[in-house]
Amino acid sequence: MMLNSKNDPIVVTGMGAVSPLGVGVDVNWRRLLAGKSGIVRHDRFDTSEFGAKIAGIVPAKSDDEFGFAAEDHISPKDIKKMDLFIQYGVAAANEALAQAGWAPETDEDKVRSATIIGTGVGGFPAMTAATRTIDARGPRRLSPFVVPSFLANLAAGHISILHQLKGPVGAPVTACAASAQAIGDGMRIILSGEADVAICGGAEACVDPVSIGGFGAARALAIDFNDTPAAASRPFDKNHAGFVLSEGAAVLVLERLSHAQKRGATPLAIISGYGTSGDAFHLTASAPDGEGGQRAMKQALRMAQLEPKDISYINAHSTSTPVGDSAEIAGISAVFESRGKDLPVTSTKSSVGHLLGAAGAIEAIYSILAMRNKIVPAGLNIEDPTPEADKYELAPNASKEWDIKHVLSNGFGFGGVNASLIFSEI
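Residues numbered from 1 in each chain as written. Predicted model: local features only at pLDDT ≥ 70, side-chain atom pairs only at ≥ 80, totals over all residues. Heavy atoms only, no water.

1. Focus on helix α11 (residues 291-304)
What counts is decided by this rule: What counts as a helix is a DSSP run of H or I of at least four residues, what counts as a strand is a run of E of at least two, and both are numbered from the N terminus. The span expected for a helix works out to 1.5 Å for each residue beyond the first. For each residue, the accessible area found with a 1.4 Å probe, counting protein chains only, is set against the maximum for its type, and the residue is called buried under 20%, exposed over 50%, and partly exposed in between.
Over its 14 residues, α11 extends 20 Å from the first C-alpha to the last, a length consistent with the 20 Å expected when each residue adds 1.5 Å. Summarising burial for α11: 10 of the 14 residues are buried, a large majority. Remark: Gln 305 follows α11 within two positions and exhibits a positive phi of approximately 55°.

In structure tokens form, the structure reads like this:
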């Protein structure tokens, strides 16, 4: 196993976020701490025949000063080439690179810059819209940009082209673990010496009839809170009964501390550990004891050269499904068996819902901000906590000041994919 150097660790120097709480890292953090929810009853399509009528929607700039307008981030000629997930990814990458101050100009800097942007689904709305076009009007009516608009690797591709990042380009497509793995892959690429800088994260935008219909058919979505959407996502509450599908993107810039210092960049956090594993158990459910997640968390601890007692806060993957929440808490309890109320465990999905392939990256950003600001974000909608989770500090409905030195963030996905990241203080 590669270890992160204690003398010259890999650090985060830039962050960018597009989420149901708005566009920009600062507004995301302010609204998260204020207990805001980005989950709404939406009108993306006619939901009259759907059980779930709610979603985590990135607000439009016409409705919210911190909302999204593609033309703020992308040239008009390029917008039509991109499905929404790519547009979100480009906006998040632009913010992260601007904060990091990384705009490579020399050939050496360009080829030493990697781009790893994961997604769970890619351009699903573009695919379904193309199918409808063929059925209604025939294949000759398709845009020549339709295939590049939906390919899963094209968020990474556009970011690479726009910013002239000529190093390794990748796109993990590992369901809800995709962007956590993208960050881990970025870390590994730097550790292996293939790149000096890695732009990594995830993008997702599939609030679409087929996605919501499919997850609804699997009985995975929250359907009992259509009239009170902000109450729908409730990890660790006994009344949790399904996740809320959401959209957005998040991107981090990684580099070695020495590289950041040489060019005058400000390090925000150390990425000290990463672990990933496979359950080999079930397509959509974790083992009840969270065995696969346990191995990912232990690997991350080993890479970071930390013990379970050293972790100050866990931002859990928990999505608000009874089976998933229970399995993750079982895994956490096995790894952190001696811990109790001295360990905060929350899921920021209670505020933004589940961004699928972008979830790990947005939660990594929230985790870094929690550590930098010494505040655990509230676990919203916890009215009657599940007994197995209540042994930990759940920060029910109110953020808590906390001395956070090392934070662990989990991302788990269909197919039994697990990924755990550890961020540490500078």
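Having seen the model, we can carry on.
2. Quick look at the state of the cysteines
We apply this condition: Only a pair of cysteine sulfur atoms within 2.5 Å counts as a disulfide in this structure description.
The full count for this structure, using the stated rule, is 0 disulfides. Cys 176 supplies the cysteine sulfur nearest to Cys 200, a cysteine that is in no disulfide, at a spacing of 18 Å.

3. With respect to the packing of aromatic side chains
Let me state the cut-off plainly: Ring pairs shown here join Phe, Tyr and Trp side chains whose ring centres sit within 6.5 Å, with only the six-membered ring taken for Trp; geometry is labelled stacked below 30 degrees between planes, edge-to-face above 60, and tilted in between. Counted as over-ring charges are cases with an Arg CZ or a Lys NZ within 6 Å of the ring centre that also lie within 35 degrees of the ring normal.
On inspection of all chains with the given rule, the structure shows 4 aromatic pairs. Chaining the aromatic ring pairs together yields one cluster made of Phe 215, Phe 243 and Phe 414. In this structure, Arg 30 packs its charged tip against the face of Phe 66, placed 5.3 Å from the ring centre.

4. Considerations on the packing of helix α3 (residues 84-100) against helix α7 (residues 154-163)
Here is the rule we go by: A fitted line through C-alpha atoms serves as each axis, taken over the contacting stretch for helices, and the angle formed by two N-to-C directions is quoted from 0 to 180°. Should an angle fall under 35 degrees it is called roughly parallel, over 145 degrees roughly antiparallel, and 65 to 115 degrees roughly perpendicular, with every other angle called oblique. Definitions for this section: a left-handed crossing has its near helix turned counterclockwise from the far helix by less than a right angle. A right-handed crossing has that turn clockwise. Whether two residues are in contact is decided by their heavy atoms, any of which lying within 4.5 Å being enough. Gly is placed with the polar residues, together with every amino acid not listed as nonpolar (Ala, Val, Leu, Ile, Met, Phe, Trp, Tyr, Cys and Pro) or charged (Asp, Glu, Lys and Arg).
Running from amino to carboxyl end, α3 crosses α7 at an angle of 45°, the nearest separation of the two axes being 9 Å. Taken together, the axes of α3 and α7 are oblique relative to one another. Of the two possible hands of crossing, α3 and α7 adopt the one that is right-handed. Mapping the contact onto sequence places Phe 85, Ile 86, Gly 89, Val 90, Ala 93, Asn 94 and Leu 97 in α3 and Leu 154, Ala 155, His 158, Ile 159, Leu 162 and His 163 in α7. Tallied by class, residues from the contact of α3 with α7 come to 9 nonpolar, 4 polar and no charged.

5. Digging into the side chain of Glu 363
Condition: Any pair of N or O atoms that falls within 3.5 Å is considered a polar contact. Within protein, one atom must be able to donate a hydrogen and the other to accept it, and sequence-neighbouring residues count only if both atoms are side-chain atoms.
Position of Glu 363 among the secondary structure elements: in helix α14 (residues 359-373). Judged by its relative accessible area of 1%, Glu 363 falls in the buried class. There is a polar contact of 2.7 Å between the side chain of Glu 363 and the side chain of Lys 349. Beyond its immediate sequence surroundings of up to four residues, Glu 363 is in contact with Asn 315, Ala 316, His 317, Thr 348, Lys 349, Ser 409 and Asn 410.

6. A look at the pairing of strand β1 (residues 10-19)
Filter applied, for reference: The pairing criterion for strands is at least two bridges between them, as found by DSSP.
Of all 10 residues that make up β1, 10 are buried, and the element is covered over most of its length. Sheet topology places β1 next to strand β8 (residues 248-256); 8 bridges connect them, and they run antiparallel. The partner of Gly 14 across the bridge, within β8, is Val 253. Bridge count for β1 against strand β9 (residues 269-278) is 2 bridges, and the pairing is antiparallel. For Val 11, the partnering residue across the bridge sits in β9 and is Ile 270. Where β1 and strand β2 (residues 22-23) come together, 2 bridges link them in antiparallel fashion. Along β2, the bridge assignment pairs Val 18 with Val 23. Between β1 and β2, which pair antiparallel in sequence order, lie 2 residues.

7. Some points on the environment of Gly 242
Mapping Gly 242 onto the fold places it in the loop between α9 (209-217) and β8. Its relative accessible area of 1% is what places Gly 242 among the buried residues. Here the alpha-carbon distance between Gly 242 and Val 323, two residues 81 residues apart in the chain, equals 9.6 Å. Ignoring any residue separated from it by four or fewer positions in sequence, one finds Gly 242 in contact with Ala 220, Leu 221, Ala 222, Ala 232, Thr 319, Ser 320 and Thr 321.

8. Some details on the pairing of strand β7 (residues 197-204)
A large share of β7 lies buried, amounting to 8 of its 8 residues. Side-chain alternation along β7 places Val 197, Ile 199, Gly 201 and Ala 203 on one buried face and Ala 198, Cys 200, Gly 202 and Glu 204 on a second face that is also buried. Direction of pairing for strand β5 (residues 113-118) relative to β7: parallel, over a ladder of 6 bridges. Paired with Gly 118 across the bridge in β7 is Gly 202. Note that β7 and β8 share 8 bridges and pair antiparallel. Counted as the bridge partner of Glu 204 is Gly 248 from β8.

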